[in-house]
Amino acid sequence: MGTQRGALVVFEGLDRSGKSTQCQRLVDVLRANGEEVHHMRFPNRSSPIGQMINSYLSGQAQQDDHAIHLLFSANRWESVRELEERINAGATVIVDRYYYSGCVYSAAKHIPSMDLEWCRSPDVGLPRPDVCIFLDISAEEQAKRGGFGEERYEKRELQDRVRECYHEMRKHPDEHADMVIVDAGRGMEEVEQEIAEVVRRVRKNVEGGESRLR
Ligand code: DGP
Ligand code: NA
Ligand code: NA
């Protein structure tokens with residue numbers, strides 16, 4: 001009998017949604033329970049491609065919008081073997097941003113030659129997660145949480161369009177995988193508990209063979 005594979009859990013959300021904090025807390029809680037967990041985040045800024053992305057996001061470098069889109073995708077593809085190996089070895093793999101971000105941040109630019117379908121295509125074939133936990137936050141709550149950082153996409157108008165694109169993606173669950181929406185406008189612990197509940201359920205489905213990676 002082979003090793004039971006682990007679950008692939010993706011977190012998505014707007015900037016300032018508390019996504020990275022929640023991701024880290026889940027990783028910590030599972031590890032404290034003695035679970036095998038592998039934490040990844042995209043963009044992975046440590047590789048040469050990731051360093052190009054980092055320069056772009058920080059405003060140090062310019063890139064054509066199509067070119068940067070493909071670099072973000074390549075940055076996921078260069079980690080796919082690591083991701084699959086960890087899952088197959090039985091670890092729960094928790095990923096902070098994935099191809100959903102790849103779609104929506106580019107589609108939100110409203111460039112005619114970059115519609116949602118074009119934006120999705122370079123990521124087609126990446127392992128489809130067992131769950132995508134979408135941390136939803138209203139524009140009002142996002143504004144209350146204080147100013148955005150300095151990075152390229154942290155601007156009110158673009159964030160509103162990103163929010164719309166995420167909701168647009170949810171209407172096509174077959175193509176884009178199911179999202180579980182979590183209201184991230186609440187207190188940290190409430191959000192954390194709901195996420196823990198979702199992850200428990202998903203892992204049970206994986207163990208029972210009811211959730212298949214595609
Ligand atoms: P983070 O490190 O999670 O704050 O993400 C950095 C920024 O990059 C954030 O504004 C979201 C954006 N982003 C993440 N993945 C992608 C992607 O694949 N494509 C594009 N265009 N933007 C992305
Ligand atoms: Na950010
Ligand atoms: Na983040």
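Conventions adopted
Residues numbered from 1 in each chain as written. Chains lettered and ligands numbered in written order. Predicted model: local features only at pLDDT ≥ 70, side-chain atom pairs only at ≥ 80, totals over all residues. Heavy atoms only, no water. pLDDT = per-residue confidence, 0-100. Near = heavy atom within 4 Å. Polar contact = N/O pair within 3.5 Å; in protein donor to acceptor, adjacent residues only side chain to side chain. Areas by Shrake-Rupley, 256 points an atom, 1.4 Å probe, with all protein chains shown as cover. Helix = DSSP H or I, 4+ residues; strand = E, 2+ residues; numbered from the N terminus.

Chemist: Quick rundown of the confidence of the model for the protein chain? Include the residues and the values.
Modeler: In the predicted model, the protein chain carries a mean pLDDT of 93, and the fraction of residues at 70 or more is 97%. For this predicted complex, the interface confidence score (ipTM) comes to 0.94, while the overall pTM stands at 0.95.

Chemist: Tell me about the site of ligand 1, and please be specific about residues and values.
Modeler: Every one of the 15 residues lining ligand 1 counts as a neighbour, but Asp 15, Arg 45, Arg 76, Arg 97 and Gly 102 are closest to it. Between Asp 15 and ligand 1, the recorded distance is 3.2 Å, taken from a side-chain N or O atom to an oxygen atom. In the model, an oxygen atom of ligand 1 is placed 3.4 Å from a nitrogen or oxygen of the Gly 102 main chain. The fraction of the free accessible surface of ligand 1 (500 Å²) that becomes covered by protein chains is 94%. Elements with a minimum of two residues in the shell around ligand 1: helix H3 (65-77) and helix H5 (99-107). Take the shell around ligand 1: its biggest share by element is four residues, from H5.

Chemist: Help me get a handle on unusual backbone geometry, residues and values and all.
Modeler: The peptide bond linking Phe 42 to Pro 43 adopts the cis configuration, its omega dihedral lying at 0°. Considering the arrangement of structural elements, one finds Pro 43 in the loop between strand E2 (37-41) and helix H2 (48-57). Positive phi is not limited to glycine here, since Arg 16 has a value of about 75°. The topology assignment puts Arg 16 in the loop between strand E1 (8-13) and helix H1 (19-32). Here the phi dihedral of His 110 falls at roughly 55°; this positive angle occurs in a residue that is not glycine. Among the structural elements, His 110 can be located in the loop between H5 and helix H6 (116-120).

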